[in-house]
Structure formats: C-alpha cells, structure tokens
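In case you want the letters, here they are:
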Amino acid sequence: MSKKLRLAAIGAVAAVGLTACGGGGAGSGGGNDTANADPGDLTIGVAMPTQTSERWIADGNNVKSQLEDAGYQVDLQYANDDIPTQSQQIDQMITEGADLLIIAAIDGTALSGQLQAAADANIPVISYDRLIRDSENVDFYVTFDNFAVGQAQATALLTGLGVLDESGNRTDAAGPFNIELFAGSLDDNNAFFFFNGAMDVLQPLIDDGTLVVPSGQTDIEQAATLRWQQETAQSRMETLLTGSYNNGTVLNGVLSPYDGISRGIITALQNAGYGPNLDSTPRALPVVTGQDAEIASVKLIQDGVQSSTIFKDTRNLAEQAVTAAKAFLEGDEPEANDTETYDNGVKVVPSYLLPVQTVFAADIQSVLIDSGYYTQAEVDAGQTD
Ligand code: BGC
C-alpha cells in the first residue's frame, strides 16, 4: 500500500473511531489522538488560493518546508482562484484523513460545508492570512495586522505626496492633492481591513480638503477589485482616467492595496502617456502604493515607478501557522495575541497577528535584501531565481 493510501486508511479508521465515540470539538486538541502519534504519521492539508501571485507561492513553500522540517507529511494544494476547486481540494483532504487543515480561502464565506465536515472528523482548522467567515469551526487565525496594513498604505501615500515628512509629521503642503482609491476583493475579509485602515488615515484629509477624489468613488464597493486581479484594476484605472482626468486634471496619487493591482494601475497610466520623469513627461506618474513586496513591484520601486509597498514576511507567517499546528496536534491550544478583532460573523476567532513594514526605494536594502528575502540580483532582474 502506498504511504498516501496507508495514511488515508488510518485517517478513515480514526474518523470512524471518533464518530463512534462522539469525539470532541475540532480544536479541542489531540481529539484524534494525534498527541501520541509520530509526526511522520500525521498529514497536514494546506490549501492555498492561487499561484498567480508570488506571495501565495512563497506562503505555500514556506509552510510546506517548515512543516516537513517538523516531521509532518504535507498535502499542499493550489486552487487557481476557483472556489469549487478549493472546496473540492479540502473535501479530498478530509476524506484522505488529514489530521489538521491550514487554509487560505479564496472566498472566505464559501467553506462552511468543508469546515463542518472537518469539525465532524475532529480536524482542527487554522485560517491562514484570510479569515474564514460564517463558521464556528475555525479554530485559530494567523495573519498580519491587517488594519495596520491599510493605515501604513495610506501613510505611505501621504509620505509620497509630501503631506507627511519621513518622520510622519504633517508638512505645510496644503494640496489639494487628487487621489483615487482601489480596494481588494470583497469576498476577502482582509479587503475591508485594508480599506478601513487606509480610510482611517485618509478620511480626515478628505474632509478638510487636503485630498480630493475627483471620480467621487470613495466607497469600498466602488473601489473593489474582484479576486485582486491586475487586469480588472487596469481596466478600472483606464475608466477613471477617461472619466475624470481627460480634461487636464492632475492625478497625484493612487491608493492600491496589492502590488498586482498597482501594476495594473501603472500599466493603465503608462498606456495613457504618464511617465516617471517629472521634468520631461507632461503627465508624471502619480504616487502608487502597494502590498506584498512582490519582486516585480520591488523592481518598479527601485526604478522610481511605484512609490511603496508593504512587506509582510511570509516566512514568519508560515512559522506561526506551524507553531499553531503543532500546538493543536500535541493536544494544546496555540497562543493568541489578539482575541478581540476578528469576528467571523459567528465567533471571534483567536488570532496571532504579525507586524508589517513599509518599503520605499530607500528601504529595499535594509528590509528586503539584508533580511535574505531577496538578493540584489533578483531585485535588479525583477524576478526570483
Ligand atoms: C492578502 C494580501 C494579498 C491579497 C491578494 C490578501 O488576503 O492579505 O497580502 O495582497 O490577499 O492576494
């Protein structure tokens, strides 16, 4: 029997055994008697959303390798941003006897059925970076401080515009500065945290006239980008340029929540004749923010095309996921550092939040290269090896 089939058989027997004796709730820890098992006999299902964005590839690789270093078997699956594919992958992990699930959802509201099946089989579920909503069967959440991400993006926008100085103090630049706002995918809980965090910083300046949004599109529903897609953002930016800037109105800044979206925005701007050189280009590229420190965008930042990004060290997130997984499998509860913020609609999910760092061109060396996240050669090439 192959190792996989053997594990599936063990899982099935364990699940039947638990059903028979009633079991405990998922997350009660060690309900499947994983606490006494050899890690090599335990399989962790890792469900990631897509390979079209580097960050999720890095997340998948980091989680897998760190779990394997801890001795566990890993079943890592990517779902190509397709909700039915992800549901089916998780169903299969459960049928094959996974002992724990780590899930970065595509649509945070679409997995209640899978999570119920996991709970019925006593499988703890860790929500990875994106909160799974509308289910009581989410046992733990590892993520970054998502509200702080939004605040940092807005602060970086203001710094790029010269409204704030490097220390974060208000300058005497009075504006008004014209900006446009982009948000992420509305089925991702994080999109709301990023946008609300950003508006927490920007709204007072919109109210006092320092910032103006010429399109008038200031609601998250208007600013949203389904599945965080670059092409969708590019097309919205094209529409904004045609609708609000063809009369010579200057665009000073764009709040973008993710590097892929930023690249879509920048492509639209470049196609419309905006360029990086403030002196010789009639229409200077506006200040554009980002998130994830994707290598293509780090190069754009180095080249002065994109202004900033927010670095979230996925190595540390993977480490937290692995720490939480180990705790559950050893029969303990993982340690949370936030038990108030992340209400998934049914319960407040105990969470571990990691800090984030803003990266401008001057920070690439100290934050991304010195930490070993990228090499200078990768930044120069705009791609990883
Ligand atoms: C993540 C971001 C990422 C976005 C798009 C969000 O859930 O927190 O880091 O940029 O998804 O992939």
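Look up: the structure comes first, before these words.
Before going into details, it helps to say that this report is about the structure given with it.

Cut-offs applied
Residues numbered from 1 in each chain as written. Predicted model: local features only at pLDDT ≥ 70, side-chain atom pairs only at ≥ 80, totals over all residues. Heavy atoms only, no water. Near = heavy atom within 4 Å. Polar contact = N/O pair within 3.5 Å; in protein donor to acceptor, adjacent residues only side chain to side chain. Areas by Shrake-Rupley, 256 points an atom, 1.4 Å probe, with all protein chains shown as cover. Helix = DSSP H or I, 4+ residues; strand = E, 2+ residues; numbered from the N terminus. Buried < 20%, exposed > 50% of the residue type's maximum accessible area, 1.4 Å probe, protein only. Contact = heavy atoms within 4.5 Å. Pairing = 2+ DSSP bridges. Axes fitted to C-alpha atoms, helices over the stretch in contact; angles between N-to-C directions. Salt bridge = Lys/Arg side-chain N within 4 Å of Asp/Glu carboxyl O. Parallel < 35°, antiparallel > 145°, perpendicular 65-115°, else oblique. Left-handed = near helix turned anticlockwise from the far one by under 90°. Nonpolar A, V, L, I, M, F, W, Y, C, P; charged D, E, K, R; others polar.

1. Looking at the site of the ligand
Right, on to step 1. Around the ligand lies a shell formed by Arg55, Trp56, Asp129, Arg130, Asp188, Asn190, Phe194, Trp228, Tyr258, Gln291, Asp292 and Lys312.
Right, on to step 2. The contact in question runs from an oxygen atom of the ligand to an N or O atom on the side chain of arginine 55, over 2.8 Å.
Right, on to step 3. Between the ligand and aspartate 129, the relevant distance is 2.6 Å, taken from an oxygen atom to a side-chain nitrogen or oxygen of the residue.
Right, on to step 4. Protein chains shield 98% of the accessible area of the ligand, which is 310 Å² for the free molecule.

2. Let's talk about the environment of glutamate 340
Right, on to step 1. Here glutamate 340 lies in the loop between α11 (314–329) and β13 (351–354).
Right, on to step 2. Given the relative accessible area of 69%, glutamate 340 is considered exposed.

3. Digging into the environment of glutamine 151
Right, on to step 1. Here glutamine 151 lies in helix α5 (residues 146–161).
Right, on to step 2. On the basis of relative accessible area, glutamine 151 is assigned to the partly exposed category, the value being 26%.
Right, on to step 3. Along the primary structure glutamine 151 and valine 201 are separated by 50 residues, whereas in three dimensions their C-alpha atoms are 6.1 Å apart.
Right, on to step 4. The residues contacting glutamine 151, other than those within four sequence positions of it, are Gly197, Ala198, Asp200 and Val201.

4. Let's talk about the sheet that holds strand β1 (residues 43–48)
Right, on to step 1. The 6 strands are arranged β2-β1-β3-β4-β5-β13 in an open sheet whose pairing can be described as parallel. Each edge of the open sheet is held by one strand with a lone partner, namely β2 (73–78) and β13. Across the sheet, the axes of successive neighbouring strands diverge by a mean angle of 15°, strand direction being ignored.
Right, on to step 2. Inspection of the sheet shows strand β5 (residues 140–144) paired to β13 by 4 bridges, in the parallel sense. By the bridge assignment for β13, phenylalanine 144 is matched with leucine 354.
Right, on to step 3. Here helix α3 (residues 83–95) sits on the sheet in contact with β1, β2 and β3 (100–103), set at roughly 180° to β1.

5. Re the pattern of salt bridges
Right, on to step 1. All told, the structure shown has 8 salt bridges when counted by the stated rule.
Right, on to step 2. For aspartate 129, the salt bridge is made with arginine 55, and the minimal N-O distance between the two is 3.0 Å. Highlighted residues: aspartate 129 in the loop between β4 (125–128) and β5 and arginine 55 in helix α2 (residues 54–69), separated in sequence by 74 residues.
Right, on to step 3. The class of aspartate 129 is buried, set by a relative accessible area of 2%.
Right, on to step 4. Between aspartate 187 and arginine 227 there is a salt bridge; the shortest N-O distance is 2.0 Å. Residue aspartate 187 is located in the loop between β6 (177–181) and α6 (189–207), and its partner arginine 227 is located in the loop between α7 (220–223) and α8 (230–244); the two are separated by 40 residues in the primary sequence.
Right, on to step 5. On the basis of relative accessibility, which here comes to 14%, the residue aspartate 187 falls in the buried class.
Right, on to step 6. Each of Arg55, Asp59 and Asp129 takes part in salt bridges that share partners, so that together they form one network.

6. Topic: the packing of α8 against helix α9 (residues 259–271)
Right, on to step 1. Where α8 contacts α9, the axes come no closer than 7 Å and their chain directions differ by 40°. Judged by the angle between their axes, α8 and α9 are oblique. Note that α8 runs across α9; the crossing there is right-handed. Residues Gln230, Ala233, Gln234, Met237, Glu238 and Leu241 of α8 form the contact with α9, whose participating residues are Gly260, Ile261, Arg263, Gly264, Ile265, Thr267, Ala268, Leu269 and Asn271.
Right, on to step 2. Class assignment for the residues of the contact of α8 with α9 results in 7 nonpolar, 6 polar and 2 charged.

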